[in-house]
Amino acid sequence: MGTDLHELLRSLRVWDPEVTELPPFDPDTAPAAPLPLFTRWFADAVAAGQREPHTVSLATTDEDGLPDVRIVMLHGADEDGWSFATHVGSRKGRHLAARPYAALAFHWPVLGRQVRLRGPVAVAPPEEAQADLHARSAGALAAALTGRQSRELGSLEELAEASEAAWERAVRAPDTPVPSWTLYRLRPDEAEFFQGEPRRRHVRLAYRRAGQGWDRRLLWP
């Protein structure tokens, strides 16, 4: 028999106490800007054993304003913005060229936390993109050298052949440049921190840019 999706969904729990801790969050103690709080929450997620806490959903829109979303890796976060990378000719690269505005959503279920950011996206200087790429693993460079991201693939055999050649080059010449590899920085106009609460009295703290600083406000869950 096939799987009954609705029955399966109803059997699942949200925030099972055996695997999830819902720490208290007092928004009155939050810093004046989102970056320090993000850094603290990210460190908490790592310490709590969250798997791949640096993965993040990236939402963009195409030339017609239609949305798209995918999972990418966070490459850094500082006063210049939250960084991620891709080929400039990939689907998300084309979206950002047409509409340089995006949203990020982090989900750390081990702590019942989410962080949402949205704002304009800028392209980092090429030398920074190459330095970031070459600071990563041989596998990251091999994937970048394989290229052709989002283009139609003829077969898995074609992918395997291109990947093997890319891996060989990445190991042999780890400083090989990848001109299409682009580092992007999202500088948020808005940031929201969500902390789950056992009785569903979730705490949502929103930051919005105001001049050179930030306004903070609570949102209904």
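Residues numbered from 1 in each chain as written. Predicted model: local features only at pLDDT ≥ 70, side-chain atom pairs only at ≥ 80, totals over all residues. Heavy atoms only, no water.

Novice: Pulling in residues and values, what's your account of the environment of Leu66?
Specialist: Relative to the assigned elements, Leu66 resides in the loop between strand 1 (55-61) and strand 2 (67-73). Distance from Leu66 to Asp44, taken between C-alpha atoms, is 35 Å for residues 22 residues apart in sequence. Contact partners of Leu66, with chain neighbours within four places excluded, come to Thr60 and Thr61. (Helix = DSSP H or I, 4+ residues; strand = E, 2+ residues; numbered from the N terminus. Contact = heavy atoms within 4.5 Å.)

Novice: So what about the layout of surface pockets? Which residues, and what values?
Specialist: The volume enclosed by the largest pocket comes to roughly 370 Å³. In terms of lining, the largest pocket is formed by 18 residues, of which the most central are Ala85, Thr86, Ala143, Gln149 and Trp181. Along the lines of polarity and charge, the residues of the lining of the largest pocket split into 10 nonpolar, six polar and two charged. By volume, the second largest pocket amounts to about 250 Å³. Contributing to the lining of the second largest pocket are 17 residues, with Arg116, Leu117, Arg118, Glu190 and Glu192 lying nearest its centre. Those elements that place two or more of their residues in the lining of the second largest pocket are strand 1, strand 5 (101-108), strand 6 (113-123), strand 8 (190-195), strand 9 (203-210) and strand 10 (213-219). (1 Å grid on protein atoms, 1.4 Å probe; cavity = no way out; pocket = protein on both sides within 12 Å on 5 of 7 lines; lining within 4 Å. Points joined across faces, edges and corners; volume = space filled by probe spheres on them. Nonpolar A, V, L, I, M, F, W, Y, C, P; charged D, E, K, R; others polar.)

Novice: For unusual backbone geometry, give the residues involved together with the corresponding values.
Specialist: Unlike most non-glycine residues, Ser150 shows phi in positive territory, near 75 degrees. Note on placement: Ser150 falls in the loop between helix 5 (138-146) and helix 6 (156-172). Phi angles above zero are rare outside glycine, and Arg200 is one such case at about 65 degrees. Relative to the helices and strands, Arg200 is located in the loop between strand 8 and strand 9. For Arg200, a relative accessible area of 47% translates into the label partly exposed. (Buried < 20%, exposed > 50% of the residue type's maximum accessible area, 1.4 Å probe, protein only.)

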